[in-house]
Structure formats: structure tokens, C-alpha cells
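Summary of the model geometry
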Amino acid sequence: MNTPARFAVIGNPIAHSLSPDVHAAFARDCGVDLEYEKLFAPEDGFDAAASRFFETGGRGMNVTAPFKGDAAAWVDELDENAALTESVNTIAVLTGSRTRGYSTDGPGLVADLKTQWGLALTGLRVLVIGAGGASRGIVPALLAEGPKRLVVANRTFARAEALAKKFSHLSDSELEAHSFDLDEASFDVVVNATSGDVQSASANLARALKGALCYDLSYALDRDTAFCSEAMHFGALEARNGLGMLVWQAALSFEIWHGVLPDAETVLAGLRRS
Ligand code: ATR
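The model shown is predicted, which means the values in this text are computed figures rather than measured ones. Every chain begins its residue count from 1, and numbering advances along the sequence as written. Confidence filtering applies because this is a predicted model: local features only for residues at pLDDT of at least 70, side-chain atom pairs given and counted only at 80 or more, and all residues used for totals across whole chains, interfaces and linings. Hydrogens and water molecules were not included; the side-chain quantities draw on all heavy atoms of the structure.

A short note on the packing of aromatic side chains
Between rings of Phe, Tyr and Trp, where Trp is taken as its six-membered ring, a pair exists when centres lie within 6.5 Å; planes separated by under 30 degrees are stacked, by over 60 edge-to-face, and by other angles tilted. Overall, the coordinates contain 7 aromatic pairs when judged by the stated rule. Consider the rings of Phe26 and Phe254, whose centres lie 5.6 Å apart with planes at 70°: the pair is edge-to-face. Of the two residues, Phe26 sits in helix 1 (residues 19-30) while Phe254 sits in helix 10 (residues 243-258), which places them 228 residues apart along the sequence. Each member of the pair, Phe26 as well as Phe254, carries the same accessibility label: buried. Here the aromatic cluster, defined as three or more aromatic residues joined through ring pairs, consists of Phe46, Phe53, Phe54, Phe67 and Trp74. Helix numbering and strand numbering both begin at the N terminus, where a helix is a DSSP run of H or I of at least 4 residues and a strand a DSSP run of E of at least 2. Each residue is placed in one exposure class: buried if its accessible area under a 1.4 Å probe, protein chains only, is under 20% of its type's maximum, exposed if it is over 50%, and partly exposed if it falls in between.

Some points on the domain arrangement of the chain
Here the bounds of each domain stem from an automatic or database domain assignment. Split by domain assignment, the chain resolves into domain 1 (5-103) and domain 2 (106-243). For domain 1 versus domain 2, the separation of C-alpha centres amounts to 26 Å. On the side of domain 2, 11 residues touch domain 1, which itself brings 8 residues to the contact. Here's the idea: put two parts together, see how much 1.4 Å probe accessible area each one loses, and the total over both is what we call buried area. For the domain 1 and domain 2 pair, buried surface summed over both sides reaches about 740 Å², with 56% attributable to carbon and sulfur atoms. In what follows, residue pairs with any heavy atoms lying within 4.5 Å of each other are defined as contacts.

Let's talk about the pattern of salt bridges
A pairing counts as a salt bridge when a side-chain nitrogen of Lys or Arg comes within 4 Å of a carboxyl oxygen of Asp or Glu. Scanning the model with the defined rule gives 11 salt bridges in all. Between Glu77 and Arg98 there is a salt bridge; the shortest N-O distance is 3.0 Å. Of this pair, Glu77 sits in strand 4 (residues 77-78) while Arg98 is found in the loop between strand 5 (90-93) and strand 6 (99-102), placing the two residues 21 residues apart along the sequence. Overlapping salt bridges bring together Lys148, Arg149, Glu174 and Glu176 as one network.

A few points about the pairing of strand 3 (residues 60-63)
Along strand 3, one buried face is formed by Gly60 and Asn62 and the opposite face, lined by Met61 and Val63, is buried too. Between any two strands, pairing holds if DSSP finds at least two bridges. Relative to strand 3, strand 1 (residues 5-11) is paired through 4 bridges, and the arrangement is parallel. Residue Val9 lies in a different strand from strand 3, and its bridge partner there is Asn62. By the bridge criterion, 3 bridges tie strand 3 to strand 5 in an arrangement that is antiparallel. For Gly60, the partnering residue across the bridge sits in strand 5 and is Ala92.

And the structure:
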């Protein structure tokens, strides 16, 4: 009997990751035999853990916080989106032992917005809150959809400014940086890409949530995230957490590894029921 191919998700912390469940469901649906484990690594231990995993026959790895930047530096080559975002959430082994890094976070978010809300961003006003790694990972994919305006608002203005500057060449959309004191607070879509608690960080930020479709990159299975509750409190049209993005970015990873795009919507519905 053949041993199943080995895959893993690496992070710190990692105990609560749903990625093994998602990949197991995809594998069942697509008739693929695989093992998928969680790998914990110390904060300075990504390179050693990744080397060990691939040297011992691992075929592919998902990467989550805080290692997406480490992974981008560690792989032998990067696909275009990973090079642009300096972020890798998926590693595949090419011929021999060469590794290639991909970033499916941004495309995963866009796919989820399209399938859950039927939402095309073309011509819309989009606010992204946060200017760290998570924001860097999604802004190029959002810009590729051609919003009218994309504002990056961050507690530390200089980081928002740096991020807007880095990606300004990518599209004709208006790309602006702000602190939380937004001068205009009218958006169609608001995405929370911060890692902390931004609730009521500013009255202007709260106003921006009103009437918008609000999306939190953080996910939770059985409850609203704090951002989603806050968004509804301030009059959001609707608020969703990042469970759909989690499933979609995983589906795109699965496609890279196995050459078949699994049915993300069915697996997402199953997770919600579970
Ligand atoms: P990640 O890779 O998760 O994006 P990061 O690079 O540390 O992590 O960035 C975290 C983001 O969350 C940043 O935008 C950070 O704002 P600063 O750049 O001002 O630090 C934001 N953030 C974290 N805690 C926050 C808080 N309590 N209020 C507002 N923003 C917060």
C-alpha cells in the first residue's frame, strides 16, 4: 500500500487551526489520499521546522502567522503574488527538492466576497483597516478587482503610507493612506485586517462601518468576532468573519498541490453546520 502524501500547516500558535479539517474534507470530496498535520514552531524556528518537514518527505505546507514573511524568504522561488506581497501561505515541492511559495490569501478573500455576497468590487469604495502583513497580503488582490477607491487606514499612519506607496503602481484605483481619523466615512466594503482590538478606536472609523458590508479576516466557527459585532452595532449592512476566506485560500492551495479545485462552498456550508 502507498503511504499517503504528507502536508502540514505551520504556525505559532497553531492548536486551533481548522486547516486540517478543511483539507481532510477536500481530500474526501476529491478522492485524494493525504495526511495533513499541525506543526508548531518557536518564533525563530520556521526555517529549521520547514527544512525538517520537507527533508523528511513533506509534499506541501500551509503557513500561518507569524511565519508568512519567513516562508517568503525561505522558499527557493516565489510566484508573482507572493513576490508582490512578500508573503507565503502555501509551499509546494517542484521537481527535485526545489520549493515554490504562493500567496492564496488575497485571491481567497476575493473568491469568498464573490461567492458569499455575489460581490464584485469594481467601482466600489473599499476601506482596509490595518497595514501589517495581513493587509499586505490582500491589498493587491483587492486592487486587481478595480475598486473606485481603496483606503488603507492604520493606527500608525506611516505604515499605511508605506503600504499604499508600495502598491500604487498596480492599478488605476485611487489608493490612499489614512490614520484612523478618516476625513470621509462612506464605504461600500470595510475589511478588518488588524490583529488587535480596534473597536471604537475612533468615531470616524465607527462611522465608516455604517451601511457597509463588513468583513473580518479573523475567523470564528460558532460566534461573531468582536469586529463583526461592533460593525453590526454601528449599522453595517452585514458583517462576516473570515471563515469563508480560510476555506477559499485552502481550496486554492489544494489546487496548487493536487491540480483540482475542490468545492469550497460545500465544505464551508459543512463547517458552518458542524
Ligand atoms: P499581521 O501580520 O497580523 O497584519 P502585524 O504586521 O503586526 O500583524 O500588523 C498588525 C496590524 O494590526 C497593524 O495594522 C497594527 O497597527 P499598527 O501598525 O499601528 O501597529 C494593527 N493593530 C494591532 N493592534 C491594534 C489595536 N489595538 N488597535 C488598532 N490597530 C491595531
